[in-house]
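Geometric and topological summary
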Protein chains: 2
Amino acid sequence: MQFYGYFRSSSAYRCRIAFNLKGLEYDFTSVHLRRGGGQQKTPEYRAMNPQALVPTLVNGDLTLIQSMAILEWLEDTYPEPAILPADKDKRAQVRAFANIIACDVHPLQNLRVLQYLGDEFGADQAAKDAWCQRWITDGLMACEDLLAKQSHGSAFCFGETPGLADICLVPQVFSAGRFGVDLAAMPRVTAVYEACQALSAFANAAPGKQPDAEE
Amino acid sequence: MQFYGYFRSSSAYRCRIAFNLKGLEYDFTSVHLRRGGGQQKTPEYRAMNPQALVPTLVNGDLTLIQSMAILEWLEDTYPEPAILPADKDKRAQVRAFANIIACDVHPLQNLRVLQYLGDEFGADQAAKDAWCQRWITDGLMACEDLLAKQSHGSAFCFGETPGLADICLVPQVFSAGRFGVDLAAMPRVTAVYEACQALSAFANAAPGKQPDAEE
């Protein structure tokens, strides 16, 4: 299994957590998003990933893009330990929580989007940070509300073991720190983040621990 | 089954197509995104959907947000006719295609995002249209590339019957028209759109045919 990612990519981070939770080995290739005009834009990489985004997973004849599709494929291919509940209603709740982040938060803070804000609207770093803070705060507050409706008393989003919701939440909270988001109003989000960080599957997936990590 | 949506919402449109393909009846409540400061922002609606976005599905005790989670739940609950392939590798490819649109295109053209561009960056309608054109073109060109790799010769994205990829593609192509996107370089995307529009499940889900439709 070949995995093309970048240490700082939130969507690659998700996949790394899932690999670790499921105990899967993979060959990693770093796709440096800023070096040489962006290694994701080479014809070779675009042949695998027509969006010129990370991550990409290659397994035999299968070339798969989009982190949420990769995570579902990992679950379908290596079902144990499960990252989705067996009950279909609970599974849907977990997917909804994960998609708050995967659809309505993370894509708005992507490198190409921030570059557009700078190039076309003259946004400086402070304006880019304010942009990211707005969408991250909106999304994580919705996550906080959903966690408040849970009554399982577990350390994780939806039960006794970490799953897809936690896999998406942790990289987003990490990224919130980079953009200076105030998490004071989100005690449940923060508690899940800390509980996950205590697990090696999450801790070892952190950007700073990857072979392509930089300061 | 209660469905809260808005005629012009691309994510509500996806759900309507799936309801129709699966032959499901539902009670519709319109949540007008512009009237009265936005009906999605009322405390009553936020209690169901903490993101204050459409759509929301309510089925007995289950309150479900996020269109992609709703679509997966519909598939899990009403498996026939299927909108995802039985083969796990093909299923992953379909989800990846759908997520190009659901993650990397549609959220960038959401009403709240366009309002932010106007309020904070002084973007006028032409600048907002250019923003939408950029992300829609990027995403649909990636879809075109993925369709070019298919060799099934069918009218739909991934086979003889329409599925999740088509369900996401059609509302996005419809929306591309609203924002003046040039689709000339995307003959496969355009052909799938036209094939889908010939089916009543798609045609009847169009924004202009909904009870809350406006000019």
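Residues numbered from 1 in each chain as written. Chains lettered and ligands numbered in written order. Predicted model: local features only at pLDDT ≥ 70, side-chain atom pairs only at ≥ 80, totals over all residues. Heavy atoms only, no water.

Note the cut-off: UniProt positions are given in the numbering used here, feature names are shortened, and annotations may be inferred rather than shown by experiment.
Chain A has the name Maleylpyruvate isomerase in an unreviewed UniProt entry, where Pseudoprimorskyibacter insulae is given as its organism. As stated in UniProt under Sequence similarities (unreviewed entry), the record for chain A gives "Belongs to the GST superfamily. Zeta family."

**Describing the interface of chain B and chain A**
Rules: Residue contacts follow a heavy-atom distance rule, with two residues in contact if any of their heavy atoms lie within 4.5 Å. Note: buried area is the sum, over both parts, of the accessible area (probe 1.4 Å) each one loses when the two are combined. Polar contact criterion, stated in full: a pair of N or O atoms within 3.5 Å, where within protein one must be able to donate a hydrogen and the other to accept it, and residues adjacent in sequence count only if both atoms are side-chain atoms. For the purposes of this entry, the term helix denotes a DSSP run of H or I that reaches at least four residues, the term strand denotes a run of E that reaches at least two, and both are numbered from the N terminus. Asp, Glu, Lys and Arg are counted as charged, while Ala, Val, Leu, Ile, Met, Phe, Trp, Tyr, Cys and Pro are counted as nonpolar; the rest, among them Gly, fall into the polar class.
Across the contact, 47 residues belong to chain B and 47 residues belong to chain A. When the buried area of chain B at its contact with chain A is split by residue, B:Arg112, B:Tyr116 and B:Phe121 rank highest and sum to 15% of it. Seen at the junction of chain B and chain A, the total is 18 residue pairs in polar contact (both at pLDDT 80 or more). Ranked by the residues each element gives to the side of chain B that touches chain A, the list is headed by helix H4 (residues 88–104) of chain B, at 12 residues. Per-class residue counts for the side of chain B that touches chain A are 28 nonpolar, seven polar and 12 charged.

**Details of the relation of the copies chain B and chain A**
The operation relating the pair of chain copies consists of a rotation about an axis and a translation along that axis. Applied cut-off: Least-squares fitting of one copy onto the other uses the C-alpha atoms of those residues that reach a pLDDT of at least 70 in both copies.
In screw terms, the move from chain B to chain A is a rotation of 180° and a rise of 0.0 Å along the axis, fitting with an RMSD of 0.0 Å. Taken together, the rotation and translation describe the operation of a two-fold axis. If distances are taken from each C-alpha of chain B to the rotation axis, the shortest is found for B:Cys103, at 2.1 Å.

**With respect to the pattern of salt bridges**
Selection criterion: We define a salt bridge as a contact between a side-chain nitrogen of Lys or Arg and a carboxyl oxygen of Asp or Glu at a distance within 4 Å. Only protein chains enter the calculation, and the probe is 1.4 Å; a residue is then buried if its accessible area is under 20% of its type maximum, exposed if over 50%, and partly exposed in between.
Taken as a whole and judged by the stated rule, the model has 20 salt bridges over all chains. A:Glu72 serves as the salt-bridge partner of A:Arg95, at 2.7 Å between the closest nitrogen and oxygen. One end of the pair, A:Arg95, is in helix H4 (residues 88–104); the other, A:Glu72, is in helix H3 (residues 67–77), with 23 residues separating them in the sequence. Of the two residues examined, A:Arg95 and A:Glu72, each falls in the buried class. One salt bridge in this structure joins B:Asp76 and A:Arg91, with 2.8 Å as the shortest N-O distance. Here A:Arg91 lies in helix H4 and B:Asp76 lies in helix H3 (residues 67–77), a pairing that spans two chains. For B:Asp76, a relative accessible area of 28% corresponds to the partly exposed category. The class of A:Arg91 is buried, set by a relative accessible area of 16%.

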